[in-house]
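# Report on the structure
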Amino acid sequence: MMAHRAHGRQRAAPLAWTAAALAAAHVPAAVALLPALAVLRGPVGMALALLALGLAAAPSVRRPAGRMLSPRSAHSLALGSAFVLYASVGLWYATRLRVSGDEPHYLLMAQSLWREGDLDLRDNYAREDWREDTPGPIVPHYGAPRADGRPFPAHSPGLAWLLAPFYAAGGRLACVVALAALAAGVAALARVLALRAGATPEASWLAWAAALGPPVFFYAFHVYTEAASALALFGGLALMGTGGWAAAGAAGLALGLLPWLHVKMIAAAGAGGAVALARLRGRALLAFAVTSALTAA
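Keep in mind the model is a prediction, meaning the values are calculated, not measured.

For the rest of this paragraph, the subject is the packing of helix 10 (residues 226–240) against helix 13 (residues 266–279). Two numbers describe how helix 10 lies on helix 13: the axes approach to 11 Å, and their chain directions differ by 5 degrees. Here helix 13 runs roughly parallel to helix 10, going by the angle between their axes. Of helix 13, the residues touching helix 10 (which contributes Leu 233, Leu 237 and Met 240) are Ala 268, Gly 272, Val 275, Ala 276 and Arg 279. Across the contact of helix 10 with helix 13, the residue classes tally to six nonpolar, one polar and one charged.

Taken together, the side chains of Leu 253, Leu 257 and Trp 260 present a nonpolar region at the surface, about 280 Å² in accessible area. Along the chain, the position of Leu 253 falls in helix 11 (residues 245–256).

With that settled, the discussion passes to the pattern of salt bridges. Counted under the stated rule, the structure contains eight salt bridges. When the shortest N-O distance is used, the salt bridge between Arg 127 and Asp 129 registers 2.9 Å. The partly exposed category is assigned to Arg 127, whose relative accessible area is 47%. Here Asp 129 falls in the buried class, since its relative accessible area comes to 11%. A salt bridge links Arg 150 to Asp 148; the shortest N-O distance between them is 2.9 Å. What makes Arg 150 partly exposed here is its relative accessible area of 29%. One network of salt bridges, with partners in common, ties together Glu 116, Asp 123, Arg 127 and Asp 129.

Rules and cut-offs
Residues numbered from 1 in each chain as written. Predicted model: local features only at pLDDT ≥ 70, side-chain atom pairs only at ≥ 80, totals over all residues. Heavy atoms only, no water. Axes fitted to C-alpha atoms, helices over the stretch in contact; angles between N-to-C directions. Helix = DSSP H or I, 4+ residues; strand = E, 2+ residues; numbered from the N terminus. Parallel < 35°, antiparallel > 145°, perpendicular 65-115°, else oblique. Contact = heavy atoms within 4.5 Å. Nonpolar A, V, L, I, M, F, W, Y, C, P; charged D, E, K, R; others polar. Patch = residues over 30% accessible without salt bridge, like charges linked within 9 Å, V, L, I, M, F, W, Y side chains within 5 Å. Areas by Shrake-Rupley, 256 points an atom, 1.4 Å probe, with all protein chains shown as cover. Salt bridge = Lys/Arg side-chain N within 4 Å of Asp/Glu carboxyl O. Buried < 20%, exposed > 50% of the residue type's maximum accessible area, 1.4 Å probe, protein only.

Here it is, written out as structure tokens:
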């Protein structure tokens, strides 16, 4: 009985601390004493509350008969609940705030790919096509020019390729839903990788809850490359652990896509390649090398 009560107090601790912090954020005297508390009044506070709920509830997810969920059911629960969270918050956010930073440029690239089949954005900027997502004004982001003088976009094209059909289906809101699905995959894969590293099923849910929060939480509904990059990296590592040449080939494809999402991910792709060299042998290593070479080419 004493052990059961101690376990209950341990599980309730994250909720108690979070509730106290969120309550203090709305007390003027507390904010005056510690101004940083004010950030908990916005999305950061929401993320903290959701993380605390996950930490408190996830280890006790069981079937009515007391048995733990099957691996397939647990994975579906991890993926589905993360998607519902991210999509709900993302749609709430996207219907209230306009895009900012590099977001309108990624959306304009997706729009141009779908409607015109190219990444020559000069006509898109001239028509002010970005007004579909923001009142602007938008300053063009151009990179190095092609041989014929047409400028490349300054941003890598991978995310635009991924989002183009979603943009065609429903504009920015459909893209937000797609990004929520990618971010949910990151959280679910964090749990899978924790299990493979030797974590207990209960502890793997803590890994899931930790991945569910920042920074993935914030990138789940902003049109940036981080969610897609994290999924490609986590997915590549997870696929390498399944064995077989087909999974290894898929891992090479996932890691090879990283530089296409953002040039800063070249180092991560190289690190993934080093892991493949250390872990894969025979046909699996060959399949990884072939698909990696294709993405590089």
